[in-house]
Amino acid sequence: TLWKYLNLFLVLFISGLWHGANWNFLIWGALHGMYNIFGQWSKSAQDKLYAFLGISRFPQWNHFPQKVIVFILVLFAWAFFRGNYLYFYMSIDMAKKMLFLDGLPTSVNLDSEILLNQPLSEYFLALASIVSLEFIHFLQSKGSLREQIFSQSTPIRWLIYLLGVMAICIFGVYDKPVQFIYFQF
């Protein structure tokens, strides 16, 4: 299993190089490699913990703690992924703040530190989008989404189609082109 872990780490470390030849991408790949190794190495301990806590009795919630932990770890790794070489030390500083290595914050500037200079409406839109996608995921767990839509009456089907087109028109970005992230390399 040592070779399996070494190969897993190397593949993800090299995938960091694929994204770009900077230290931040190497750290990003190394973090994901370590995450995967630790996840596989600790699988039996995770199962025992879930059994002890009673989580394993509820299959629909069995993977929820894993999803939350993966989300947090990926957010942490993004601190390195999105920074460029000039901001490498800023990425390190951001990681320190995320881990509270500089101490707990004594005050919070809501506009800049939490909202990241985004209007509050953007966060409500993001939350509504997440809830909508989770609802669609729930519907997909009940069977084919296509079959569920086709089983509806014609007016309901057209209402679903119209809502989809309206969502694209309302939430689409048309005023400014966004450069594809990999064009910067």
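Just so you know, these numbers come straight off a predicted model, no measurement behind them.

The rules we used
- Residues numbered from 1 in each chain as written.
- Predicted model: local features only at pLDDT ≥ 70, side-chain atom pairs only at ≥ 80, totals over all residues.
- Heavy atoms only, no water.
- Salt bridge = Lys/Arg side-chain N within 4 Å of Asp/Glu carboxyl O.
- Helix = DSSP H or I, 4+ residues; strand = E, 2+ residues; numbered from the N terminus.
- Phe/Tyr/Trp six-rings, centres within 6.5 Å; stacked < 30°, edge-to-face > 60°.
- Buried < 20%, exposed > 50% of the residue type's maximum accessible area, 1.4 Å probe, protein only.
- Patch = residues over 30% accessible without salt bridge, like charges linked within 9 Å, V, L, I, M, F, W, Y side chains within 5 Å.
- Areas by Shrake-Rupley, 256 points an atom, 1.4 Å probe, with all protein chains shown as cover.
- Core = buried A, V, L, I, M, F, W, Y, C linked by side-chain atoms within 4.5 Å.
- Contact = heavy atoms within 4.5 Å.
- Axes fitted to C-alpha atoms, helices over the stretch in contact; angles between N-to-C directions.
- Parallel < 35°, antiparallel > 145°, perpendicular 65-115°, else oblique.
- Left-handed = near helix turned anticlockwise from the far one by under 90°.
- Nonpolar A, V, L, I, M, F, W, Y, C, P; charged D, E, K, R; others polar.

**Some points on the pattern of salt bridges**
Logical step 1: For the structure on display, the rule yields one salt bridge.
Logical step 2: Residue Asp 47 pairs with Lys 43 through a salt bridge whose shortest N-O separation is 3.1 Å. Here Asp 47 and its partner Lys 43 are both found in helix α3 (residues 43-53), four residues apart, which amounts to about one turn of the helix.

**Thoughts on the packing of aromatic side chains**
Logical step 1: Applying the stated criterion across every chain, the model contains three aromatic pairs.
Logical step 2: Summarising the aromatic geometry, the rings of Phe 9 and Phe 13 are spaced 5.8 Å apart at their centres and angled 15° between planes, so their arrangement reads as stacked. Taken together, the residues span about one helical turn, with Phe 9 and Phe 13 both in helix α1 (residues 2-19) at a distance of four residues.
Logical step 3: Looking at Phe 13, the relative accessible area reads 27%, which means it is partly exposed.
Logical step 4: Ring geometry for Trp 158 and Tyr 161: centres 5.4 Å apart, planes at 85°, overall edge-to-face. Within this pair, Trp 158 and its partner Tyr 161 are both found in helix α9 (residues 154-171), separated by three residues, close to a single helical turn.

**Some remarks on a nonpolar patch on the surface**
Logical step 1: On the surface, Leu 125, Phe 150, Ile 156, Trp 158, Leu 159, Ile 160, Tyr 161, Leu 162, Leu 163, Met 166, Ile 170 and Phe 171 cluster together into a nonpolar patch covering about 1200 Å² of accessible area.
Logical step 2: The element best represented in the nonpolar patch is α9, accounting for ten residues.
Logical step 3: Judged by its relative accessible area of 45%, Leu 159 falls in the partly exposed class.

**Overview of the nonpolar core**
Logical step 1: Membership of the largest hydrophobic core is limited to eight residues, which are Phe 25, Trp 28, Leu 31, Tyr 35, Phe 76, Ala 77, Phe 80 and Phe 81.
Logical step 2: Listing elements by their share of this core, those giving two or more residues are α2 (23-41) and α4 (64-81).
Logical step 3: If near-sequence neighbours (up to four positions away) are discounted, Leu 31 is found in contact with Phe 76, Ala 77 and Phe 80.

**What to know about the packing of α1 against α2**
Logical step 1: Packing of α1 against α2 leaves a shortest axis separation of 7 Å and a crossing angle of 155°. With respect to α2, the axis of α1 lies roughly antiparallel. Between α1 and α2 lies a crossing of right-handed hand. Together, Lys 4, Tyr 5, Leu 8, Phe 9, Leu 12, Phe 13, Ser 15, Gly 16, Leu 17 and His 19 of α1 and Phe 25, Leu 26, Trp 28, Gly 29, Ala 30, His 32, Gly 33, Met 34, Asn 36, Ile 37, Gln 40 and Trp 41 of α2 make up the contact between the two elements.
Logical step 2: Taken together, the residues of the contact of α1 with α2 break down into 13 nonpolar, eight polar and one charged.

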